[in-house]
Each structure stands twice: as structure tokens, then as C-alpha cells.
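Chain residues, written in single-letter form:
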Amino acid sequence: MKEIENDVKQLEEEVSSLVDKVIALRAELESHERLIVKKDQLIAEIQEVRWAQDQTIADLHAWSKKLEEDQVKKDKTIADLHGVLVAAK
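Draft legend 1. Molecular detail of the overall build of the protein chain. Helix and strand content of the protein chain: one helix and zero strands. Against the globule reference of 12 Å for 89 residues, the protein chain gives a C-alpha radius of gyration of 38 Å, more extended than a compact globule. Each principal axis of the C-alpha distribution contributes one length, and for the protein chain these read about 130 × 10 × 5 Å. Relative to its 89 residues, the protein chain shows a buried fraction of 0%. Total accessible area computed for the protein chain in this model is approximately 8,500 Å², and 63% of it derives from carbon and sulfur atoms.

And the structure:
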């Protein structure tokens, strides 16, 4: 009888230990799940930033092209005015 009581006590301790391990593993799993969610959020934010950078680059390229076109127009106007001045002399 004493042997059975000892066996039961040992099994209870083992079960208790296993329950503690399961609880610890569950906490670790939840922590990993939160990290995965955070990682996915960061990836989404990075993609938004990259899209914004691409858009900014496209806007700057368009602005640069417009400046070049404006400069060509100004150069032509200056040349035309110079031609008028030369012709007026």
C-alpha cells in the first residue's frame, strides 16, 4: 500500500512538472505569435515606406523634367530677345 502511495505521489509530481512545462511552452508560443504579428506589421510599414519613396522619386523626376523644359523655354526666349536686340542695332 505504501508503495502505491509513493507511486501515486511520484506520478502527481511528474504530472505537475509536465503541466508547468506545458504552461511555459504555451507562454513561449504566445510570445512567438505576437512577434510574428509584429513582424508582419513592420513588413507592411516598410512596404508603405518603399511605395512612398518610389512615388517621391517619380514626383522628383517629373519636377526635374519640368524644370528642364522651363529652362529650354527660357533659353529660347533669351535667344529670341537677343536676336531682336541684334536686329534692332
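Draft legend 2. Highlighting a nonpolar patch on the surface. Among the surface-exposed residues, Met-1, Ile-4 and Val-8 lie close enough to one another that they form a single nonpolar patch of about 340 Å² accessible area. Counting through the fold element by element, Ile-4 comes out in helix H1 (residues 2–88). A relative accessible area of 52% places Ile-4 in the exposed class.

Draft legend 3. Representation of the pattern of salt bridges within the structure. Summed over the entire model, instances satisfying the criterion amount to four salt bridges. As a salt-bridge pair, Arg-26 and Glu-30 come within 3.3 Å of each other at their nearest N and O atoms. Note that Arg-26 and Glu-30 are positioned in helix H1 at a spacing of four residues, about one turn of the helix. Using a relative accessible area of 45% as the deciding quantity, one classes Arg-26 as partly exposed.

Draft legend 4. Inspection of the environment of Gln-10 at higher detail. Mapping Gln-10 onto the fold places it in helix H1. For the pair Gln-10 and Ala-62, spaced 52 residues apart in the sequence, the C-alpha separation amounts to 78 Å.

Draft legend 5. Main features of the environment of Ala-58. Within the secondary structure, Ala-58 sits in helix H1. Considering only alpha carbons, one finds Ala-58 and Ile-78, 20 residues apart in sequence, at a separation of 30 Å.

Draft legend 6. Focus on the environment of Asp-54. By secondary structure assignment, the location of Asp-54 is in helix H1. Sequence-wise, Asp-54 and Glu-5 are 49 residues apart; in three dimensions their C-alpha atoms are separated by 73 Å.

So, how was this worked out
Residues numbered from 1 in each chain as written. Predicted model: local features only at pLDDT ≥ 70, side-chain atom pairs only at ≥ 80, totals over all residues. Heavy atoms only, no water. Helix = DSSP H or I, 4+ residues; strand = E, 2+ residues; numbered from the N terminus. Rg over C-alpha atoms; globule rule 2.2 N^0.38 Å. Buried < 20%, exposed > 50% of the residue type's maximum accessible area, 1.4 Å probe, protein only. Areas by Shrake-Rupley, 256 points an atom, 1.4 Å probe, with all protein chains shown as cover. Patch = residues over 30% accessible without salt bridge, like charges linked within 9 Å, V, L, I, M, F, W, Y side chains within 5 Å. Salt bridge = Lys/Arg side-chain N within 4 Å of Asp/Glu carboxyl O.

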